[in-house]
Amino acid sequence: MKRFCIISNDLHTVYNFRGELLLEIAHQGYEVHILAPNIEVCSKDALFFEDHGFTLHHFSMQKMGTNPFVDLKTLWTIYKILKKIKPQKILSYTIKPVIYGTLAAAWAKVPERYVLLSGLGFAFQNEKAQGKFKYIKKIFDQLFRCAIKQSHKVIFQNEDDLKLIQQLGHLEKIPTAVVNGSGVDIQKFQKKSLVLDETQQPQPIFIMVARLLKDKGVHEYIEAAKHVKQQYPQAKFHLVGWIDENPAAIKKENLNRWIDERLINFWGKLEDVRPILEQANIFVLPSYREGIPRSVLEAMAMGRAVITTDAPGCKETVNEGENGFKVPIQNSQKLAEAMIKLIQEPKLIEMMGERSHSIILEKYDVKKVNTQMRKEIL
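For the structure given in this document, a descriptive report is provided here. (Residues numbered from 1 in each chain as written. Predicted model: local features only at pLDDT ≥ 70, side-chain atom pairs only at ≥ 80, totals over all residues. Heavy atoms only, no water.)

Describing the sheet that holds strand β7 (residues 176-178)
In spatial order, the strands read β3-β2-β1-β4-β5-β6-β7; together these seven strands make up an open sheet with parallel pairing. Every interior strand has two partners, whereas the edge strands, β3 (55-58) and β7, have only one. In this sheet, adjacent strand axes meet at a mean angle of 20 degrees when their direction is disregarded. Sheet topology note: the strand β5 (residues 112-117)/strand β6 (residues 153-156) ladder contains four bridges and is parallel. Residue tyrosine 114 lies in a different strand from β6, and its bridge partner there is lysine 153. Most of the contacts of helix α4 (residues 95-107) go to strand β4 (residues 89-93), to which it runs at about 155 degrees, and overall it touches β1 (2-7), β4 and β5. (Pairing = 2+ DSSP bridges. Helix = DSSP H or I, 4+ residues; strand = E, 2+ residues; numbered from the N terminus. Axes fitted to C-alpha atoms, helices over the stretch in contact; angles between N-to-C directions. Contact = heavy atoms within 4.5 Å.)

Structure below.
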């Protein structure tokens, strides 16, 4: 029996981002195994996978911690699991599973080892690390380089990430590929009507959906909202997301102040973002860097105009002036100007929303993306 194994830092992201892919791999005759550290708190996701005959394996992992003994335990646990199930192929994604999963797979002599870099986050963006973090980053760089050397192919979601990893000298002669993000389920995220005013014009309702991190551009979104509301107090700004243990997370007191000042309507972490996306007309993601942001694709599939940054991963989702606008990173003034342009020309909101939907059908349908992925790993 052929066995395929995926290694991740979160079972819910496996369900949300790779579920359709794993179902297609299973249909190709593979016995599917999933390794993740938080299976017990994702009971709905676990039940879905178990109902489809997949086998789940728990391992402990500190997502953001730097304790070497805990990380060694993670490496050892993954190695023991892989030695037991003996997969022919593994796919690791998110940074720690990429490092420890790939190294453990090489140690366990798994024949084919694939890495998916779905975005280069805090570890790559924090170039000015100081003190102990400077040395931790050096260790991280060495471990990452070793893991990549043990992979048979590295898959990226945009060309900029590929170029960066090449420039850092991590790839050498390792084969690479670029796919169009994780795709979006166009049956689940269907096109919806815009929210109109009494004159049948799209209302100025903006929404941002993201982890509440500095490098997602949360502060720029808030500053732009302040500026826009001074001229157009009727404009509404929704924020969906959550604060986690990431070092770049925003402060809870700042979030509370924005809510108290009624700058934003805050919705917290939502299991299903479709109802709130349907209540907004313009999706905003001022992120500093992404793979290909799923949140943007979901909004596009529902027929929403997009304002994002001219940053790796983000810029791929917008054709300037067609389905939205691209602004420089960390520039709340330019972000506000793009918002105001859509308020002043509401017909653009409708036109851009139509184009967003067509781009999804052309390029980002999850079935098309999974075809790309299967071609690279099966």
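That shown, we press on.
Let's talk about empty space enclosed by the protein
This structure, assessed with the given rule, holds one cavity of 30 Å³ or more. Around the largest cavity, the lining residues are Phe17, Arg18, Leu21, Leu116, Gln157, Val179, Gly181, Ser182, Val369, Asn370 and Met373. When residues of the lining of the largest cavity are traced back to their parent elements, those giving at least two are α1 (11-27) and α14 (366-377). Across the lining of the largest cavity, the residue classes break down as six nonpolar, four polar and one charged. (1 Å grid on protein atoms, 1.4 Å probe; cavity = no way out; pocket = protein on both sides within 12 Å on 5 of 7 lines; lining within 4 Å. Points joined across faces, edges and corners; volume = space filled by probe spheres on them. Nonpolar A, V, L, I, M, F, W, Y, C, P; charged D, E, K, R; others polar.)

A look at the side chain of glutamine 157
Mapped onto the fold, glutamine 157 is located in the loop between β6 and α7 (159-167). A distance of 3.5 Å separates a polar side-chain atom of glutamine 157 from the backbone oxygen of glycine 181. Here the side chain of glutamine 157 touches isoleucine 292 through a polar contact of 3.2 Å, landing on its backbone nitrogen. In this view, glutamine 157 contacts Arg18, Leu116, Leu117, Ser118, Val178, Val179, Gly181, Ser182, Gly291 and Ile292; residues no more than four positions away in its chain are not counted. (Polar contact = N/O pair within 3.5 Å; in protein donor to acceptor, adjacent residues only side chain to side chain.)

Some remarks on the nonpolar core
Core analysis: the largest hydrophobic core is formed by 61 residues, its most contacted members being Phe206, Tyr221, Ile307 and Met339. Among the elements that take part in this core, helix α12 (residues 332-344) stands out by supplying seven residues, more than any other. Listed in part, the 33 residues of the second largest apolar core include Met61, Leu75, Ala108 and Ile148. (Core = buried A, V, L, I, M, F, W, Y, C linked by side-chain atoms within 4.5 Å. Buried < 20%, exposed > 50% of the residue type's maximum accessible area, 1.4 Å probe, protein only.)

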